[in-house]
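In case you want the letters, here they are:
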Amino acid sequence: MTVSTLDPNSALILIDLQRGIVAYPTAHPTGEVVARASLLASAFRRHGLPVVLVNVSGGAPGRTEQARKSGELPADWAELVPELNRQPGDHTVTKRTWGAFSHTGLEAHLKALGVTQVVLAGVATSIGVESTARQAHELGFNVTLAVDAMTDMNADSHAHSVSRIFPRLGETGSTREIIALLDGRGG
């Protein structure tokens, strides 16, 4: 873990912590991931920093080699988990692609708030979190990834993102380390 600092204008982005996604089998228990994400959201709110809650309600329309799941999703599939304690000041983004910046207005929202750094967590590490981290990096945001507040459906994919991809996009750290930086106590 190498998280060194958080910009004064940082925002938290929590990816796809919704009923349908957290119900999938994952490499790490989603209950623990959600609990850590909730701690991060509380800390950001306590410091008056933006919290963005992202859910997914569709997919990009292009052809893929891997078959997509067909059929009707349960009515509550895209509902954010209640443990996130959604607040009126939180910004909600519903995406239809892997990354949270594509066609959602998120970049404009964050830039209007003066945000220069984003902290990411959620599910799935190698899909929604990594795609959003790549987009944030390309858009010029400093990126921090709370690696103990994320998981993937595949343990190898999670490990690859955390060890090979994330260090090239930003800094990684634990929930505890990130909250300590927020609270001004160092790592």
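Preceding this paragraph is the structure being described.
Residues numbered from 1 in each chain as written. Predicted model: local features only at pLDDT ≥ 70, side-chain atom pairs only at ≥ 80, totals over all residues. Heavy atoms only, no water.

A.B. asks: Mind laying out unusual backbone geometry, listing which residues take part and the relevant values?
C.D. replies: Here Val123 and Ala124 are connected by a cis peptide whose omega angle stands at 0°. Structurally, Ala124 can be placed in the loop between β4 (117–123) and α4 (125–138). The phi torsion at Asn85 lies on the positive side, around 50°, for a residue other than glycine. Mapped onto the secondary structure, Asn85 falls in the loop between β2 (51–56) and β3 (91–95). For Asn85, a relative accessible area of 44% puts it in the partly exposed group. (Helix = DSSP H or I, 4+ residues; strand = E, 2+ residues; numbered from the N terminus. Buried < 20%, exposed > 50% of the residue type's maximum accessible area, 1.4 Å probe, protein only.)

A.B. asks: Explain the pattern of salt bridges to me, using residue names and the numbers behind them.
C.D. replies: Per the stated rule, a full pass over the model turns up eight salt bridges. Arg45 is the partner of Asp90 in a salt bridge, and the nearest nitrogen-oxygen pair spans 2.6 Å. Placement of the pair is Asp90 in the loop between β2 and β3 and Arg45 in helix α2 (residues 30–46), with a sequence separation of 45 residues. According to the relative accessible area criterion, Asp90 is buried, its value standing at 10%. Salt-bridge contacts for Lys111 lead to Glu107; the nearest nitrogen and oxygen are separated by 3.3 Å. (Salt bridge = Lys/Arg side-chain N within 4 Å of Asp/Glu carboxyl O.)

A.B. asks: Summarise the side chain of Gln117; cite the residues concerned and give the values.
C.D. replies: Among the structural elements, Gln117 can be located in strand β4. At a separation of 3.4 Å, a polar atom in the side chain of Gln117 contacts the main-chain carbonyl oxygen of Thr5. Every residue in contact with Gln117, bar those within four places of it in the chain, is listed here: Thr5, Leu6, Asp7, Asn9, Ser10, Ala11, Phe141, Asn142 and Thr144. (Polar contact = N/O pair within 3.5 Å; in protein donor to acceptor, adjacent residues only side chain to side chain. Contact = heavy atoms within 4.5 Å.)

A.B. asks: Could you give an account of the packing of aromatic side chains, naming the residues involved and the relevant values?
C.D. replies: Inspection of the entire model under this criterion finds one aromatic pair. The aromatic ring of Phe141 is capped on one face by Lys111, whose charged end is 5.3 Å from the ring centroid. (Phe/Tyr/Trp six-rings, centres within 6.5 Å; stacked < 30°, edge-to-face > 60°. Lys NZ or Arg CZ within 6 Å of the ring centre and 35° of its normal.)

A.B. asks: Tell me about the side chain of His158, and please be specific about residues and values.
C.D. replies: For His158, the position within the fold is in helix α5 (residues 155–169). Relative accessible area serves as the criterion here: at 10%, His158 is assigned to the buried category. Once you skip the residues sitting within four places of it in the chain, His158 turns out to touch His28, Thr125, Val147, Met150, Thr151 and Asp152.

A.B. asks: Just give me the short version of the environment of Leu39, but keep the residues and values in it.
C.D. replies: Relative to the elements of secondary structure, Leu39 occurs in helix α2. Residues Leu39 and Arg176 lie 137 residues apart in sequence; the distance between their C-alpha atoms is 9.1 Å. Excluding residues within four positions of it along the chain, Leu39 makes contact with Thr175 and Ile179.

A.B. asks: I'd like to hear about the packing of α4 against α5, residue by residue, with values.
C.D. replies: Packing of α4 against α5 leaves a shortest axis separation of 10 Å and a crossing angle of 5°. Taken together, α4 and α5 sit at an angle that is classed as roughly parallel. Contacts between α4 and α5 involve Thr125, Ser126, Val129, Glu130, Ala133, Arg134 and His137 on the former and, on the latter, Ser157, His158, Ser161, Val162, Ile165, Phe166, Arg168 and Leu169. When the residues that make up the contact of α4 with α5 are grouped by side-chain class, the tally is six nonpolar, six polar and three charged. (Axes fitted to C-alpha atoms, helices over the stretch in contact; angles between N-to-C directions. Parallel < 35°, antiparallel > 145°, perpendicular 65-115°, else oblique. Nonpolar A, V, L, I, M, F, W, Y, C, P; charged D, E, K, R; others polar.)

Taken by themselves, the reported measurements are silent on function.
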